[in-house]
Amino acid sequence: MSKIKVLICGFGQVGRMLYRHLKQQDDFIVAGIVDRDESIAGKTVATVLGEGDDLTIIAKSLDDWQGCADGAMVTTVSDGQECAELMMQLFKRKLNVVTSCEELFFPVDRKIAAELDQAARQYECAAAAAGINPGFLMDYLPAVLSGCSGNIRKVRISRIQNAAVRRMQFQKKIGAGLSLAKFEELKKAGTLRHVGLSESVSFLAAVLGWDLDEITESIAPVVSGCDYNIPGAIPVRAGEVRGVHQTGSGIIRGERVIQLEFVAAVGEPESYDRVNIFGEPEIESTIRGGVNGDAGSCAVLANVMRSLLLVRRHGFFNLAELPLIHGKGISL
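Let's talk about the sheet that holds strand β11 (residues 283–288)
Now for step 1: Strand order in the open sheet made by the 6 strands is β7-β8-β9-β6-β10-β11, with mixed pairing throughout. Strands with a single pairing partner mark the edges of an open sheet, and in this sheet they are β7 (214–223) and β11. Each adjacent strand pair in this sheet contributes to an overall mean axis angle of 10 degrees, direction not counted.
Now for step 2: Pairing analysis gives 8 bridges linking strand β6 (residues 150–162) to strand β10 (residues 272–280), with the strands arranged antiparallel. Looking across to β10, one finds that Ile160 is bridged to Tyr272.
Now for step 3: The strands that helix α7 (residues 180–189) touches are β7 and β8 (241–252); relative to β7, the one it contacts most, it runs at about 160 degrees.
Now for step 4: Relative to the sheet, helix α8 (residues 197–208) contacts β6, β7, β8 and β9 (255–265), its axis offset from that of β9 by approximately 145 degrees.

Topic: the packing of aromatic side chains
Now for step 1: Tallied over the entire structure, the rule returns 4 aromatic pairs.
Now for step 2: Aromatic pair Phe11 and Tyr19: ring centres 5.9 Å apart, planes at 90 degrees, arrangement edge-to-face. The same class applies to Phe11 as to Tyr19, namely buried.
Now for step 3: Centroid distance Phe136 to Tyr140: 5.3 Å. Interplanar angle 45 degrees. Geometry classified as tilted.
Now for step 4: With relative accessibility at 8%, the residue Tyr140 sits in the buried group.
Now for step 5: A connected cluster of aromatic rings, assembled from ring pairs, spans Phe105, Phe106 and Phe203.

Concerning the sheet that holds strand β4 (residues 96–99)
Now for step 1: Taken in spatial order, the 6 strands make up an open sheet running β2-β1-β3-β4-β5-β12, and their pairing is parallel. Among the strands making up the open sheet, the edge pair consists of β2 (28–34) and β12 (315–317). Each strand of the sheet is rotated relative to its neighbour by a mean of 20 degrees, with strand direction disregarded.
Now for step 2: Relative to strand β5 (residues 126–129), β4 runs parallel, the two sharing 3 bridges. Looking at the pairing, Val97 lines up with Ala127 of β5.

Looking at unusual backbone geometry
Note: most residues except glycine have negative phi, and most peptide bonds are trans.
Now for step 1: Each neighbour pair has its own omega, and for Asn133 with Pro134 the value is 5 degrees, a cis peptide bond.
Now for step 2: In this structure, Pro134 sits in the loop between β5 and α5 (140–145).
Now for step 3: Cis geometry is found at the peptide bond from Glu280 to Pro281, where omega equals 0 degrees.
Now for step 4: With a phi angle near 45 degrees, Phe106 is a residue other than glycine that sits in the positive phi range.
Now for step 5: Summarising the element assignment, Phe106 is placed in the loop between β4 and α4 (110–122).

Some remarks on the side chain of Glu240
Now for step 1: By secondary structure assignment, the location of Glu240 is in the loop between β7 and β8.
Now for step 2: Within the structure, the side chain of Glu240 is placed 2.8 Å from the backbone nitrogen of Arg237, a separation counted as a polar contact.
Now for step 3: With residues near it in sequence (within four places) discarded, Glu240 still touches Gly177, Leu178, Val222, Val223, Ser224 and Pro235.

A short note on the state of the cysteines
Now for step 1: In total, this model carries 0 disulfides according to the counting rule given.
Now for step 2: With no disulfide of its own, Cys101 lies 4.2 Å from the sulfur of Cys83, the closest cysteine sulfur.
Now for step 3: With relative accessibility at 1%, the residue Cys101 sits in the buried group.

Some words on the side chain of Ser146
Now for step 1: Inspection of the secondary structure assignment puts Ser146 in the loop between α5 and β6.
Now for step 2: At 2.6 Å, the side chain of Ser146 and the backbone oxygen of Ala143 are in polar contact.
Now for step 3: Beyond its immediate chain neighbours, meaning those up to four positions away, Ser146 contacts Ile152, Leu208 and Ile277.

With respect to α8
Now for step 1: Taking 1.5 Å of rise per residue, the 12 residues of α8 would be expected to cover 16 Å, and the 17 Å separating its terminal C-alpha atoms lies within 8% of that figure.
Now for step 2: Within α8, 9 of the 12 residues are buried, which leaves it mostly tucked inside the rest of the structure.
Now for step 3: Within α8, the full set of buried residues consists of Leu197, Ser198, Glu199, Ser200, Val201, Ser202, Phe203, Leu204 and Ala205.
Now for step 4: Considering only its buried residues, α8 is in contact with α5, β6, β7, β8 and β9.
Now for step 5: Residue Gly209 follows α8 closely and has a positive phi angle near 80 degrees.

Calculation criteria
- Residues numbered from 1 in each chain as written.
- Predicted model: local features only at pLDDT ≥ 70, side-chain atom pairs only at ≥ 80, totals over all residues.
- Heavy atoms only, no water.
- Pairing = 2+ DSSP bridges.
- Helix = DSSP H or I, 4+ residues; strand = E, 2+ residues; numbered from the N terminus.
- Axes fitted to C-alpha atoms, helices over the stretch in contact; angles between N-to-C directions.
- Contact = heavy atoms within 4.5 Å.
- Phe/Tyr/Trp six-rings, centres within 6.5 Å; stacked < 30°, edge-to-face > 60°.
- Buried < 20%, exposed > 50% of the residue type's maximum accessible area, 1.4 Å probe, protein only.
- Polar contact = N/O pair within 3.5 Å; in protein donor to acceptor, adjacent residues only side chain to side chain.
- Disulfide = S-S within 2.5 Å.
- Expected span 1.5 Å × (residues − 1).

Rendered as structure tokens:
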């Protein structure tokens, strides 16, 4: 079986976790790494990671990268427009693309999806956006589960997680350790939130055949009632914020037919991922302990790249248009 050669674009925390994941897969080869961060560009992978013997030089730009690959895996930003611009450059280099950009997972603004689709077709590439959330647990998984139900009236999905086991960047993104005043300031600035609930709602509505009247989101702080000093987590004192409680809703004639609940907080007592489908029959599926978002995201990106290369068509696809996204077993 031929190996899949990939270029990693973005070597922050997610890119580094993805690199380690791919190095453990027997069907992937990391053909290069690009990151515009001047503090790591020009250095070897081993130097940046502080481990291993990989002497691959991290390129500062695509123009500096001289290798060849089957595709690129983009783990740079959540902003859809900025990521789309990078993807256009990758298409020109005939690279298929999988990105973790949350705003590109079934974009609410379908214009950007159409532009990416047109460019991918023009340069004969295939592309998709995915991740653990959005990109699997709160959208793709419920869509698959809906396959054993009919006459569906509404869908309820909850992702509750103890953020203490997540990477530090994620903990900062959900406001762990902030005062209420600072939380509200960053909330108003739009820099503090988990991105992707509206995109998940849009995907589910499209799969279920619902024409939504409105999509809404809400965000509120989860305030700590005691001190938390958990190893590996941001310290949180009583009265400070330990995370977020967000909702995303799809509404038809005033009724919330799709309801997503997302809670990520340091010290959350119980983690789980739950899907409730109200149809015939009704379905409740719960993953107790939840899925680790960091390890899960890396696995999803690799598995989507495998499926993407099986499409044999060109364009920007949503996950419902790809072959089944599934894991790969180890050799026994």
